[in-house]
Amino acid sequence: MNYSFRKKNKIVKYIVIHYTGMKNLESAYSKLTNNSSNVSCHYLISRKGTIFNLLPPNINAWHAGKSQWKNKKSLNEYSIGIELENKGHQYGYDFFTIRQYCSLKKLIYFILKNYYINEENILFHSDISPNRKKDPGEKFYLNKIGINRFKKKYQNNKNTSIDRCLRTYGFSIDYIKNYRSDCIKSVKRSLNYTKIDKSESIKFKKDFSNLLFD
Ligand SMILES: [Zn+2]
């Protein structure tokens, strides 16, 4: 099996964005639709902008794997998974196409409206599995489709620690403790840094806290 049924007490609250990370569309499509592959998703968007609806959102697709966000584990149970065709870091990571952004925009606004999901609950695979995943990566720009998933919170003290930023952003306590540098790299990907490393520079601290706090 590569999907299951949603449990009645688990409500869809998140969208998780991925890249396929495979050499071409055909291999990604066949893997995501193969019953014995152990992976699936709800939507796949090709580089030409075609949207393939592989599973209905009321089915639990297996796209996130081992994952945590805030106090939740196994994000598949709470999310709709969207895969964007891209060879990924392993086979030749490329920028996403304009047609992909156009289709993604239509799809995301449709999902937000129909499932009452907040923009800040649009997550990247690298957010929820920072120790294992890089997708959709530093070449993905969510602001190209007019979405801002960072809602700033007010705080008095401008000198915020990186740990507090990591917590406020949504990384689980477990991941911050065990995979702190991976969490930092994940944030740098979300911020579209060209150099992805674990360094905690003053610029990084400033960029990160500016996203979260007013
Ligand atoms: Zn992924």
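Residues numbered from 1 in each chain as written. Predicted model: local features only at pLDDT ≥ 70, side-chain atom pairs only at ≥ 80, totals over all residues.

> What is the right way to look at the overall build of the protein in this model?
Assigned secondary structure in the protein consists of eight helices and nine strands. For the protein, the spread of C-alpha atoms along the three principal axes comes to 50 × 40 × 30 Å. Considering the protein as a whole, with its 214 residues, one finds that 36% of them fall into the buried category. For the protein, the share of sequence-separated contacts (at least 6 apart) that also reach a separation of at least 24 residues comes to 69%. (Helix = DSSP H or I, 4+ residues; strand = E, 2+ residues; numbered from the N terminus. Buried ≥ 20, exposed ≤ 12 C-beta atoms within 10 Å, placed from the backbone. Contact = placed C-beta atoms within 7 Å.)

> Just to check I follow, could you spell out the nonpolar core for this structure?
Generally speaking, a soluble globular protein has its nonpolar side chains buried in company with each other. The biggest cluster of nonpolar side chains holds 32 residues, and the ones touching the most others in it are Ile15, Val16, Ile17, Leu75, Ile82, Leu84 and Leu123. Listing elements by their share of this core, those giving two or more residues are strand S2 (14-19), helix H1 (25-32), strand S3 (43-45), strand S8 (79-84), helix H3 (98-115) and strand S9 (122-124). In contact with isoleucine 17, not counting residues within four places along its chain, are Ile82, Leu84, Ile122, Phe124, His125 and Pro136. (Core = buried A, V, L, I, M, F, W, Y, C linked by C-beta atoms within 7 Å.)

> Mind showing me how you'd approach the domain arrangement of the protein here?
By a frequent convention, interface size equals the accessible area lost on bringing the separate parts together. With domains assigned, the protein is organised as domain 1 (3-145) and domain 2 (162-212). Put simply, the middle of domain 1 and the middle of domain 2, counted by C-alpha atoms, are 21 Å apart. On the domain 2 side, the residues contacting the twelve residues of domain 1 number 13 residues. Of all the elements in the fold, those that place two or more residues in the side of domain 1 that touches domain 2 are strand S6 (68-69) and helix H4 (125-128). Here the side of domain 1 that touches domain 2 is built from residues that sort into four nonpolar, four polar and four charged. (Domains from an automatic or database assignment. Nonpolar A, V, L, I, M, F, W, Y, C, P; charged D, E, K, R; others polar.)

> Any chance you could explain the pairing of S8 here in plain terms?
Regular strands place side chains that alternate from one sheet face to the opposite one. S8 sits mainly inside the fold: six of its six residues count as buried. Of the two faces of S8, the one holding Ser79, Gly81 and Glu83 and the one holding Ile80, Ile82 and Leu84 are both buried throughout. The sheet contact formed by S2 and S8 spans six bridges and is parallel. Within S8, the position partnered with isoleucine 15 by the bridge is isoleucine 80. (Pairing = 2+ DSSP bridges.)

> Help me understand helix H7 (residues 180-190) in this model?
Because an α-helix completes one turn every 3.6 residues, residues spaced three or four positions apart along the sequence face the same direction. Counting buried positions along H7 yields nine of eleven residues, so the element is predominantly enclosed. For H7, the full list of buried residues reads Asp182, Cys183, Ile184, Lys185, Ser186, Val187, Lys188, Arg189 and Ser190. Each element contacted by the buried residues of H7 is listed here: S9, H4, helix H5 (162-169), helix H6 (173-178) and helix H8 (202-212). Asparagine 192 lies just past H7 and shows a positive phi near 60°.

> What is the right way to read the sheet that holds S9 from this model?
Remark on secondary structure: sheet strands pair via backbone hydrogen bonds, oriented parallel or antiparallel. Pairing is mixed in the open sheet, where five strands are placed in the order S4-S3-S8-S2-S9. Either end of the sheet is taken by a strand with one partner, and the two such strands are strand S4 (51-53) and S9. Direction aside, the axes of adjacent strands within the sheet are offset by 25° on average. Both S2 and S9 contribute to a ladder of three bridges, which runs parallel. Paired with isoleucine 17 across the two strands is phenylalanine 124, which belongs to S9. Packed onto the sheet, H1 meets S3, S4 and S8 and runs at close to 180° relative to S3. (Axes fitted to C-alpha atoms, helices over the stretch in contact; angles between N-to-C directions.)

> Looking at this structure, I do not really get the pairing of S2. What am I missing?
Burial analysis of S2 places six of its six residues in the buried class, the great majority of the element. Residues of S2 alternate between two faces, with Tyr14, Val16 and His18 on one and Ile15, Ile17 and Tyr19 on the opposite face, all of them buried.

> What should I look at first to understand the environment of serine 37 in this one?
With respect to the helices and strands, serine 37 occurs in the loop between H1 and S3. Measuring from C-alpha to C-alpha, the distance between serine 37 and serine 74 comes to 18 Å, with 37 residues separating the pair along the chain. Among all residues touching serine 37, those that are not within four sequence positions of it are Asn2 and Lys31.

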